[in-house]
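# Tertiary structure, described
So the chains spell out like this:
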Amino acid sequence: MIKRRELSELLYFSAFIMTPNIRIALFSAAFVLLSSVQYACAADTLKLMVKGITVPVEVAADNASREKGLMFRKHLPENSGMLFVMDRSDAVCMWMKNTLIPLSVAFIDKDGFIINIEEMKPLTLDIHCSKAKAFYALEMNESWFEKNHVKPGDKISRLPQLRQTN
């Protein structure tokens, strides 16, 4: 797969040997391609159902997106969150390094049931862990679960399919 930098260099050097019409067509195609790459990255979202509430979430399903999470964000829209999908069912721990907004996290088992919910303060290194093996973690604005009467044992619907189970 061609990377953004490689595409930029290719366009820069090939611009010297092309006619103006070919140059315009190539740059237009490159713009569309780069725009769709950004759109595809932002499109990793889905809508969960939590106690009858539709919750749009960004999905963090690979190491890089799970590691970054909601770091450096100044705002999380109300009733929106981030769903962390783990590679396997295991004890899951989170922290708030470089996370600017207070959050609540629900640890969820492979069947979609909430194991436990933790409140997390911004910019701390405190560790917040699941009390049992979890496959998902759902981060929402601080106290969202409490305000919406969501508690351990409640089921989250529309979770993505498991890749691997333990």
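## Considering the packing of aromatic side chains
Applying the stated criterion across every chain, the model contains two aromatic pairs. Taking 5.2 Å as the distance between ring centres and 70 degrees as the angle between the ring planes, the aromatic pair formed by Phe135 and Tyr136 counts as edge-to-face. Judged by relative accessible area, which is 1%, Phe135 ranks as buried. Their ring planes at 90 degrees and their centres at 5.3 Å tell us that Trp144 and Phe145 sit as a pair that is edge-to-face.

## Thoughts on the state of the cysteines
Overall, the coordinates contain one disulfide when judged by the stated rule. A sulfur-sulfur distance of 2.0 Å marks the disulfide that ties Cys93 to Cys129. Where Cys93 bonds to Cys129 through sulfur, the torsion about that S-S bond is close to 105 degrees, and the disulfide is right-handed. Placement of the pair is Cys93 in strand 4 (residues 93-94) and Cys129 in strand 7 (residues 128-129), with a sequence separation of 36 residues.

## Some words on the pattern of salt bridges
Across all of its chains, the model carries seven salt bridges by this definition. Between Arg66 and Asp87 there is a salt bridge; the shortest N-O distance is 3.1 Å. Taken together, the positions of Arg66 in helix 3 (residues 63-68) and Asp87 in strand 3 (residues 81-90) put the pair 21 residues apart, joining distant regions of the chain. Arg66 gets classed as buried once you look at its relative accessible area, which sits at 15%.

## A closer look at the pairing of strand 6 (residues 114-120)
Both strand 5 (residues 103-108) and strand 6 contribute to a ladder of six bridges, which runs antiparallel. Note that in strand 6 the partner of Ser104 across the bridge is Glu119. Hairpin connection of strand 5 to strand 6: five residues between the antiparallel strands, including Gly112 at a positive phi of 95 degrees.

Reading guide: rules and limits
Residues numbered from 1 in each chain as written. Predicted model: local features only at pLDDT ≥ 70, side-chain atom pairs only at ≥ 80, totals over all residues. Heavy atoms only, no water. Phe/Tyr/Trp six-rings, centres within 6.5 Å; stacked < 30°, edge-to-face > 60°. Buried < 20%, exposed > 50% of the residue type's maximum accessible area, 1.4 Å probe, protein only. Disulfide = S-S within 2.5 Å. Helix = DSSP H or I, 4+ residues; strand = E, 2+ residues; numbered from the N terminus. Salt bridge = Lys/Arg side-chain N within 4 Å of Asp/Glu carboxyl O. Pairing = 2+ DSSP bridges.

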